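# Observations on the three-dimensional arrangement
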Amino acid sequence: MPFPTERPRRLRRTPALRRLVRETRVDAASLILPAFVREGLTRPEPIASLPGQRHDTTDSIVETAERALNAGCGALLAFGLPEHKDADGSGAWADEGAVQQSIRGLKHRFGDAIAVIADCCLCEYTDHGQCGVLGAGGSVDNDATLEAYARTAVSQAAAGADVIAPSGMMDGQVGAIRQALDAAGFDDTAVLGYSAKFASVMYGPFRDAADCTPKDGDRRGYQMDPANQREAVREALLDVEEGADAIMVKPAMTYLDVVARVRDNTDLPLAAYCVSGEYAMLRAAAATGAFDERAAVLETLTGIRRAGADMIITYHALDAACWLQEDRATR
Ligand code: PBG
Ligand code: ZN
């Protein structure tokens, strides 16, 4: 028999054939758009550290959501910036807080046609910028923080959030939130755990955007060491045990091995968060002409899906959803 007997190129010959045998697809419905709603704002304002993104008012977030829905995005992930911060981060569970008001407005306007995920953390609300309450000695008190997360989650669920996503990496946060939600009658509200969230340098632009840089120290006492893969599986399994409905790995691009490993070890829906620094890298490189932004973003999203993520949280969600609509047979 003449060499070669196998010719994989046969199925790469035309766009139609390539599309037919493609193993992984990116679909707008699996893309989640982060949104920042800021108290005391009278009109939306661009976010300098995240070009293309904006701070919304509790009204203008409805426009952002409408665009995302029309483009086919799967959900909105809401972050809040309060006017006043305090040591306990009490703005996080204020019934009239920006996130709570926004969720009520979104649900009033779109009902169940929109999936709203509420980020549940304290760092935007504490005057020290840590994700939890400080105990004696100035380190974050895990168990006191759990009570604050529980109150925050209940206030977000009461406002109508479909999903609560605790991002503070406290031990037991998923279980504490699940218990509190059930006790308050919100047994239908889901929990998406930020299960394996690493202490990454890639959160820089977000910390500017959400005004949540720690005043002292860093977050390495609770976020994971970037060197650890096995520990990520342990964190994910703990969240599953505690009643998580879905889990997450964050960041995404340099943690694809973690995504794959967590995928292999759990059956729950898995999200990957392509974070602010990753967005910034793609935008900055595209701006120099290194590559076409659209092609780079779609390849990146494909890689994250291929690694095993079902859902992708990305600041490119809106653009990517539109590109995917235009795309069809051309890739
Ligand atoms: C805070 C939070 C952070 C992000 C999401 N929630 C920053 C941090 O942990 O310091 C990062 C998101 C991004 O960089 O896009 N709990
Ligand atoms: Zn936080």
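### A few points about the packing of aromatic side chains
Throughout the structure, instances matching the rule amount to eight aromatic pairs. Each ring, one from Phe-36 and one from Phe-79, has its centre 5.5 Å from the other, and the planes form 20°; the classification is stacked. Note that Phe-36 is positioned in strand 1 (residues 31–38) and Phe-79 in strand 4 (residues 75–81), a separation of 43 residues in sequence. Take Phe-36 and Phe-79: they sit in the same class, and that class is buried. Plain terms: the ring middles of Tyr-279 and Tyr-315 are 5.6 Å apart, the flat faces sit at 55° to each other, and that makes the pair tilted. Of this pair, Tyr-279 sits in helix 9 (residues 276–287) while Tyr-315 sits in the loop between strand 10 (311–314) and helix 11 (317–327); the two residues are 36 residues apart in sequence, bridging distant segments of the chain. With respect to class, Tyr-279 is no different from Tyr-315; both count as buried. Here the aromatic residues Phe-36, Phe-79, Tyr-194, Phe-206, Tyr-273, Tyr-279 and Tyr-315 are joined through ring pairs into a cluster of three or more. We note Lys-250 situated over the ring of Tyr-273; from NZ or CZ to the ring centre the distance is 4.6 Å.

### Observations concerning the site of ligand 1
In the vicinity of ligand 1, 17 residues are found, and the nearest of them are Arg-207, Gln-223, Lys-250, Ser-276 and Tyr-315. For ligand 1, an oxygen atom lies 2.5 Å from a polar atom in the side chain of Tyr-315. When the free accessible area of ligand 1 is taken as 400 Å², the share hidden by the protein chains comes to 100%. When the residues that make up the shell around ligand 1 are grouped by side-chain class, the tally is ten nonpolar, three polar and four charged.

### Details of the coordination of the zinc ion (ligand 2)
Donor atoms from the polypeptide that coordinate the zinc ion (ligand 2) comprise Cys-121 (SG), Cys-123 (SG) and Cys-131 (SG), at 2.2 to 2.3 Å from the metal. For the zinc ion (ligand 2), the four donor atoms are set out with angles of 99 to 121° between them, so the coordination reads as tetrahedral. If you list the donors of the zinc ion (ligand 2) from N- to C-terminus, the spacing comes out as C-x1-C-x7-C. Since its relative accessible area comes to 5%, Cys-123 is described here as buried.

Cut-offs used in this document
Residues numbered from 1 in each chain as written. Chains lettered and ligands numbered in written order. Predicted model: local features only at pLDDT ≥ 70, side-chain atom pairs only at ≥ 80, totals over all residues. Heavy atoms only, no water. Phe/Tyr/Trp six-rings, centres within 6.5 Å; stacked < 30°, edge-to-face > 60°. Helix = DSSP H or I, 4+ residues; strand = E, 2+ residues; numbered from the N terminus. Buried < 20%, exposed > 50% of the residue type's maximum accessible area, 1.4 Å probe, protein only. Lys NZ or Arg CZ within 6 Å of the ring centre and 35° of its normal. Near = heavy atom within 4 Å. Polar contact = N/O pair within 3.5 Å; in protein donor to acceptor, adjacent residues only side chain to side chain. Areas by Shrake-Rupley, 256 points an atom, 1.4 Å probe, with all protein chains shown as cover. Nonpolar A, V, L, I, M, F, W, Y, C, P; charged D, E, K, R; others polar. Donors = N, O, S within 2.8 Å, 3.2 Å for Na, K, Ca; no water. Tetrahedral: all angles 85-135°; square planar, octahedral: opposite > 155°, others 65-115°.

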